[in-house]
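Here is what each chain is made of, one letter per residue.
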Amino acid sequence: MKTNNTKLFSLAILFLTGVLTSGCSVGAKIAVSATDVQYPVSQTNSFYTQQNQLTTEDQYEALKDFSFTFTKWGISSMIEIKNSEDISNRLNKIIEKHDGDAIVNLRISVNNPAGKNGLLWFSKTLTTTASVLFTFLAIADPQPEFTAIAVSSTGLALFTPAAADIKVEGTVVRITDYTSD
């Protein structure tokens, strides 16, 4: 009787470990960069020109507010997986389209949408729990079925596809005062 209680207690601990560790990595991790923008881009309302001149609000006119969104698929994983998106070309095209000189007030937000990832936590919980349970079962009673389930569920727990919605907003501006202080 004690053996059954010990096994039941061990399985409950393993299940709770799987549930607790699965929530640590829900959602795709995306890095957004703009390494090849040919124009000044600033997250504030002022910027430095290519001649290293500080340009403030009273030295430019706002031409156009812009916003665009895109979805980037990545991996929800406890292991760090680098996934990035370079938006340089998009920003260059926006500035050129409006005959601007720079972008100010750039804002980038990344959202792991519930609609795309709603069952992600649940599936990661199941795969992580199955991974832990079947790994211990395969060790205790080495059967090919237990080993196969342990390996496949561990792979799914470590590398689950996930989506991130990225929103980019800002204002295209044109310099009106080329004098320096």
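Fair warning: this is a prediction, and the values are worked out from it, not measured in the lab. (Residues numbered from 1 in each chain as written. Predicted model: local features only at pLDDT ≥ 70, side-chain atom pairs only at ≥ 80, totals over all residues. Heavy atoms only, no water.)

Regarding the overall build of the protein
As a reminder of what qualifies: Numbering of helices and strands runs from the N terminus; a helix is a DSSP stretch of H or I covering at least four residues, while a strand is a stretch of E covering at least two. To sort residues, take the accessible area from a 1.4 Å probe on protein chains only and compare it with the maximum for the residue type: under 20% means buried, over 50% means exposed, and anything in between is partly exposed. The contact definition used throughout considers only heavy atoms, calling two residues in contact when any of these lie within 4.5 Å.
Check the secondary structure of the protein and you find 5 helices and 7 strands. Sequence-ordered secondary structure for the protein, helices as α and strands as β, is α-β-β-β-β-β-α-β-α-α-α-β. Taking all 181 residues of the protein together, 35% fall into the buried category. For the protein, contacts bridging at least 24 residues in sequence account for 84% of all contacts bridging at least 6.

Looking at helix α2 (residues 88-97)
Basically, it comes down to this: Note: the arc covers the axis-to-C-beta directions of the helix.
All of the buried residues along α2 are S88, L91, N92, I94 and I95. Down the axis of α2, the smallest arc covering the buried residues is 165°, so these residues share one side. Structural note: α2 exposes N89, K93 and K97 on the side pointing more than 90 degrees away from its buried face. D99 sits one or two positions beyond α2 and adopts a positive phi of about 55°.

Looking at the pattern of salt bridges
Opposite charge on two side chains allows them to pair when their charged atoms are near. What counts is decided by this rule: Any carboxyl oxygen of Asp or Glu that lies within 4 Å of a side-chain nitrogen of Lys or Arg is treated as forming a salt bridge with it.
The final tally for this structure, using the stated rule, is 5 salt bridges. The shortest N-O distance in the salt bridge between R174 and E61 comes to 3.3 Å. Remark: E61 occurs in strand β4 (residues 60-76) and R174 occurs in strand β7 (residues 160-175); sequence separation between them is 113 residues. Taken together, the shared-partner salt bridges connect E61, D99 and R174 into one network.

Observations concerning the nonpolar core
Threshold: We call a set of buried residues a nonpolar core when its members are Ala, Val, Leu, Ile, Met, Phe, Trp, Tyr or Cys and they connect through side-chain atoms within 4.5 Å of each other.
Of all hydrophobic cores here, the largest spans 15 residues; its most connected members are F66, F68, L91, I103 and V168. At the level of elements, β4, α2, β6 (102-111) and β7 are the ones that each hand at least two residues to this core. Ranked by the residues each element gives to this core, the list is headed by β7, at 4 residues. Apart from residues lying up to four places away in sequence, I103 is in contact with P40, V41, S42, F66, L91, I95, G170, T171 and V172. Y60, A102, V173 and I175 belong to the second-largest nonpolar core, a separate cluster that totals 6 residues.

Description of the packing of aromatic side chains
Filter applied, for reference: Here is the rule: rings of Phe, Tyr and Trp (six-membered ring for Trp) pair when centre to centre is within 6.5 Å. Planes less than 30 degrees apart are stacked, more than 60 are edge-to-face, and the remainder are tilted. Only lysine NZ and arginine CZ atoms are considered, and such an atom sits over a ring when it is within 6 Å of the ring centre and within 35 degrees of the ring normal.
With the rule as written, the count across this model stands at 3 aromatic pairs. On the numbers, 6.4 Å between centres and 15° between planes, the contact of F66 with F68 is stacked. One exposure class covers both F66 and F68, and it is buried. Within the aromatic cluster, the residues linked to one another by ring pairs are F66, F68 and F70. Above the face of the F70 ring, R90 is positioned so that its terminal group lies 4.4 Å from the ring centre.

A look at the environment of Q43
For Q43, the location among the structural elements is in the loop between β1 (31-33) and β2 (47-48). Taking the C-alpha atoms as reference, Q43 lies 8.4 Å from I103; in sequence the two are 60 residues apart. With residues near it in sequence (within four places) discarded, Q43 still touches N105 and L106.

Structural notes on the side chain of E85
Summarising the element assignment, E85 is placed in strand β5 (residues 84-86). With sequence-adjacent residues up to four places away left out, E85 is seen in contact with A31, V32, S33, F70, K72 and R90.

Here we look at the environment of F70
With respect to the helices and strands, F70 occurs in strand β4. Taking C-alpha positions, F70 is 9.9 Å from V110, a pair spaced 40 residues apart along the chain. Every residue in contact with F70, bar those within four places of it in the chain, is listed here: E85, I87, R90, A164, D165, I166 and V168.

Here's the deal with the environment of N89
Mapped onto the elements, N89 comes out in helix α2. Note: C-alpha distance between N89 and Q38 (51 residues apart in sequence) is 9.1 Å.

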